[in-house]
Amino acid sequence: MLILVVAESALELVPREIWGHPAVKAHASRRGKTPGEILLDRSYHHRAMINLPNSNKRGRPDIVHFTLLEALGTPLNMEGLLRVYVHTQGGYVIDVDPQVRLPRSYPRFVGLMEQLFKVGKVPPRGQPLLQIREESLGALLERVKPTWVAAFTRIGEPQTVEEAVSRISKQEKPAVLVGGFPHGHFTEETTNLADELIAIDPETLDAWTVTSRIIYEYERALSIQKKRVAEMGKD
């Protein structure tokens, strides 16, 4: 079982301190919502975000969208061997059901995330496929209890993905942390929670690229592909 945490994700509602900015008010008006009900998005709110703390790491919901689509569509997830969580810079954690089918359309994904922040779960009634709660990354790891935590960061120890995942896959219940932000590094608070820091490339790679490579190598280590192909021959 592999636990994937998209950590320090740039996914949040517009913070109160910029509700009154013209760019935010105009965007919210076009959406038929109040400023506090829409996601912070650098594509629309760049000028409003300039003076926000850590603004270079914020306002990129698309990173979470692409990364979740990449992870949830893998054979590893189809085999029930992947659990995915989204940790946000604002101190929230989203539990992602392996069976959830996220919208491919980015605007529809944005609407879904806004509903999730407002209601707390999706769908609002019945068994939730997405559920959000105020929770720190440390508390999440305490809750899911991984046997090993590896953070993938450019300031980690240089290793190939194959080498790193080969070792990780020998753990009973490993967790991997992939940054859900566009620039910068994990905070010290996050790196202190990891048992090891791993760098797989001298350049900064997109979160969904790192995620796809980790999952692919994990599938190889567990011979998931061979198993699934063999099952096809039995039909």
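Predicted model only: the values in this text are computed from it and were never measured.

Undergrad: So what about the overall build of the chain? Which residues, and what values?
TA: Along the backbone of the chain there are 10 helices and 8 strands. Against the globule reference of 18 Å for 235 residues, the chain gives a C-alpha radius of gyration of 18 Å, in line with a compact fold. For the chain, the spread of C-alpha atoms along the principal axes amounts to about 55 × 40 × 30 Å. Of all 235 residues assigned to the chain, the portion counted as buried reaches 47%. For the chain, long-range pairs separated by at least 24 residues make up 74% of all intrachain contacts whose partners lie at least 6 apart in sequence. In the structure as shown, the chain presents an accessible area of about 12000 Å², 49% of it carried by carbon and sulfur atoms. Between the averaged position of the 30 positive side-chain charges in the chain and that of its 29 negative side-chain charges there is a distance of 7 Å.

Undergrad: Explain the sheet that holds strand β3 (residues 92–96) to me, and be specific about the residues and the numbers.
TA: What the 8 strands build is an open sheet, ordered β4-β5-β3-β2-β1-β7-β6-β8; its pairing is mixed. Each edge of the open sheet is held by one strand with a lone partner, namely β4 (121–122) and β8 (196–199). Judged from the 2 bridges that link them, β4 and strand β5 (residues 130–134) form a sheet pairing that is antiparallel. Bridging from a neighbouring strand, Lys 121 pairs with Gln 131 of β5.

Undergrad: Tell me what's going on with the nonpolar core, and back it up with residues and numbers.
TA: In terms of nonpolar packing, the biggest core is built from 42 residues, with Ile 94, Val 96, Met 113, Leu 130 and Phe 152 touching the most fellow members. Considering each element in turn, this core owes the most residues, 6 residues, to helix α5 (residues 106–119). Setting aside anything within four residues of it in sequence, one finds Leu 130 in contact with Ile 94, Asp 95, Val 96, Val 100, Leu 102, Leu 112, Met 113, Leu 116, Gly 120, Lys 121 and Val 122. Judged by nonpolar contacts, the second largest core, of 16 residues, contains Val 5, Leu 141, Phe 186 and Ala 194.

Undergrad: Provide a residue-level description of the side chain of Thr 191, including the pertinent values.
TA: As for its position among the elements, Thr 191 is in helix α8 (residues 188–191). In this structure Thr 191 comes out as buried when scored by relative accessible area, which is 15%.

Undergrad: Which residues make up the pairing of β3, and what values go with them?
TA: Of all 5 residues that make up β3, 4 are buried, and the element is covered over most of its length. Pairing geometry for strand β2 (residues 82–88) and β3, over 4 bridges, is antiparallel. Residue pairing across strands places Tyr 85 opposite Asp 95, the latter belonging to β3. What sits between β2 and β3 in their antiparallel hairpin is a turn of 3 residues, with Gly 91 showing a positive phi close to 90°.

Undergrad: Explain the pattern of salt bridges to me, and be specific about the residues and the numbers.
TA: Following the criterion strictly, the structure yields 13 salt bridges and no others. Close ionic contact of Arg 133 with Asp 95 constitutes a salt bridge, the shortest N to O distance being 3.1 Å. Taken as a pair, Arg 133 in strand β5 and Asp 95 in strand β3 lie far apart in primary sequence, 38 residues in all. Note that Glu 135 and Arg 143 form a salt bridge whose closest N and O atoms lie 2.8 Å from each other. Classification of Glu 135 as buried rests on a relative accessible area of 11%.

Undergrad: Lay out α5 with the relevant residues and their values.
TA: Residues three or four positions apart in an α-helix share a direction because the helix packs 3.6 residues into each turn. Compared with the 20 Å implied by 1.5 Å per residue over 14 residues, the 20 Å span of α5 between its first and last C-alpha is a close match. Within α5 the residues assigned to the buried category are Phe 109, Val 110, Leu 112, Met 113, Glu 114, Leu 116 and Phe 117. The secondary structure elements touched by the buried residues of α5 are α1 (22–31), α3 (61–72), β3, β4 and β5. In the stretch just after α5, Gly 120 is the one whose phi turns positive, near 100°.

So, how was this worked out
- Every chain's residues receive numbers from 1 upward, in the order its sequence appears when written.
- In keeping with the model being predicted, local features are shown solely for residues with a pLDDT of at least 70 and side-chain atom pairs are shown and tallied solely at 80 or more, while totals for entire chains, interfaces and linings include all residues.
- The side-chain values count all of the structure's non-hydrogen atoms but skip hydrogen atoms and water molecules.
- A run of H or I in DSSP counts as a helix once it spans at least four residues, and a run of E counts as a strand once it spans at least two, with each numbered from the N terminus.
- Taken over C-alpha atoms, the radius of gyration is set against a globule rule of 2.2 Å times the number of residues to the power 0.38.
- Note on classification: 1.4 Å probe, protein chains only; a residue is buried when its accessible area is under 20% of the maximum for its type, exposed when over 50%, partly exposed between these limits.
- Residues count as neighbours in contact if any of their non-hydrogen atoms are within 4.5 Å of one another.
- Areas reported as accessible are Shrake-Rupley estimates using a 1.4 Å probe. Residue values count occlusion only from the protein chains shown.
- We count Lys and Arg on the positive side and Asp and Glu on the negative side, and we leave His and both chain ends out.
- By convention, the point assigned to a charge is CZ for Arg, NZ for Lys, CD for Glu and CG for Asp.
- DSSP calls a pair of strands paired once it identifies at least 2 bridges connecting them.
- Here, the term nonpolar core denotes a set of buried Ala, Val, Leu, Ile, Met, Phe, Trp, Tyr and Cys residues that are joined through side-chain atoms within 4.5 Å.
- The term salt bridge refers to a side-chain nitrogen of Lys or Arg lying within 4 Å of a carboxyl oxygen of Asp or Glu.
- To estimate the expected span of a helix, count its residues, drop one, and scale the result by 1.5 Å.

Keep in mind that these numbers describe shape and distance, not what the molecule does.
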